[in-house]
Amino acid sequence: MTTSLQTSSVVLPLHRSPQARPTTVPAVFRAAARVLAANGLYQGDFVPDAMDREMCIPHFLRPMSIVAALKCATTGDPHVTSLLADEAIGVLALRLEVDGEPPLFGGIFDLEAHVDAWGDLEGRTTESAVAVLEAAADANEVAA
């Protein structure tokens, strides 16, 4: 006799596996850092060729912005948000200054724009973005 769980053998890709997804803000920062380290930082939009006019590579495998990496870390898709991704974006935005200015507090889109502005600064590298995410994870774990 078998149960329905034993007869079902669906294998999910790692980026879609619920067990692989982070459940805390520090874990989101670390997962996003791994995504950026593997794919690279993209400046100017969430991912290159977002409308798929020239590329056929899945979006989660392309270089991406910091905001897209945070979303991808929680949902598997750089365009899909979650409450945990929004929380991580808010926490990260409060840590970053752009031209000496903190973020505006109008809503999640303002916080996303602030993080994107930091990532889009000329000379910003993948390594610096990864380092900021790792530092944010460490600081958030200490605060928790």
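The rules we used
Residues numbered from 1 in each chain as written. Predicted model: local features only at pLDDT ≥ 70, side-chain atom pairs only at ≥ 80, totals over all residues. Heavy atoms only, no water. Helix = DSSP H or I, 4+ residues; strand = E, 2+ residues; numbered from the N terminus. Contact = heavy atoms within 4.5 Å. Buried < 20%, exposed > 50% of the residue type's maximum accessible area, 1.4 Å probe, protein only. Core = buried A, V, L, I, M, F, W, Y, C linked by side-chain atoms within 4.5 Å. Salt bridge = Lys/Arg side-chain N within 4 Å of Asp/Glu carboxyl O. Polar contact = N/O pair within 3.5 Å; in protein donor to acceptor, adjacent residues only side chain to side chain.

**Describing the environment of Asn140**
So, step 1. On the secondary structure map, Asn140 appears in helix H6 (residues 126-143).
So, step 2. Note: C-alpha distance between Asn140 and Val91 (49 residues apart in sequence) is 8.6 Å.
So, step 3. Leaving out residues up to four positions away in the same chain, Asn140 has contacts with Val25, Pro26, Phe29 and Val91.

**Thoughts on unusual backbone geometry**
So, step 1. Within the chain, Asp49 stands out as a residue other than glycine whose phi angle is a positive 50°.
So, step 2. The residue Asp49 is located in the loop between helix H2 (25-39) and helix H3 (66-75) in this model.
So, step 3. Judged by relative accessible area, Asp49 falls into the buried class, the value being 19%.
So, step 4. Positive phi values are uncommon outside glycine, yet Asp99 reaches one of about 55°.
So, step 5. In this structure, Asp99 sits in the loop between helix H4 (83-95) and helix H5 (108-119).
So, step 6. Exposure remark for Asp99: the relative accessible area of 70% places this residue in the exposed category.

**Thoughts on the nonpolar core**
So, step 1. If you look at the biggest cluster of nonpolar residues, it comprises 35 residues, and the most contacted ones within it are Phe29, Leu36, Ile66, Leu70, Leu92 and Leu133.
So, step 2. Of all the elements in the fold, those that place two or more residues in this core are H2, H3, H4, H5 and H6.
So, step 3. In terms of residue count, H2 provides more of this core than any other element does, eight residues in total.
So, step 4. With near-sequence residues (within four places) excluded, Leu70 lies in contact with Val28, Phe29, Ala32, Ala85, Ala88, Ile89, Leu92 and Leu133.

**Some words on the pattern of salt bridges**
So, step 1. Within this structure, the stated rule accounts for five salt bridges.
So, step 2. We note a salt bridge from Glu134 to Arg30, for which the minimum N-O separation is 2.6 Å. Of this pair, Glu134 sits in helix H6 while Arg30 sits in helix H2, placing them 104 residues apart in sequence.
So, step 3. A relative accessible area of 21% means that Arg30 is categorised as partly exposed.
So, step 4. Several salt bridges share partner residues, and in doing so they unite Arg30, Glu134, Asp138 and Glu141 into one network.

**Digging into the environment of Thr81**
So, step 1. Positionally, Thr81 belongs in the loop between H3 and H4.
So, step 2. A relative accessible area of 39% places Thr81 in the partly exposed class.
So, step 3. Along the chain, Thr81 and Ala68 lie 13 residues apart, while their C-alpha atoms are 8.9 Å from each other.
So, step 4. Beyond its immediate stretch of four places on either side in the chain, Thr81 contacts Lys71, Thr75 and Asp86.
So, step 5. A distance of 2.7 Å separates the side chain of Thr81 from the side chain of Asp86, its partner in a polar contact.

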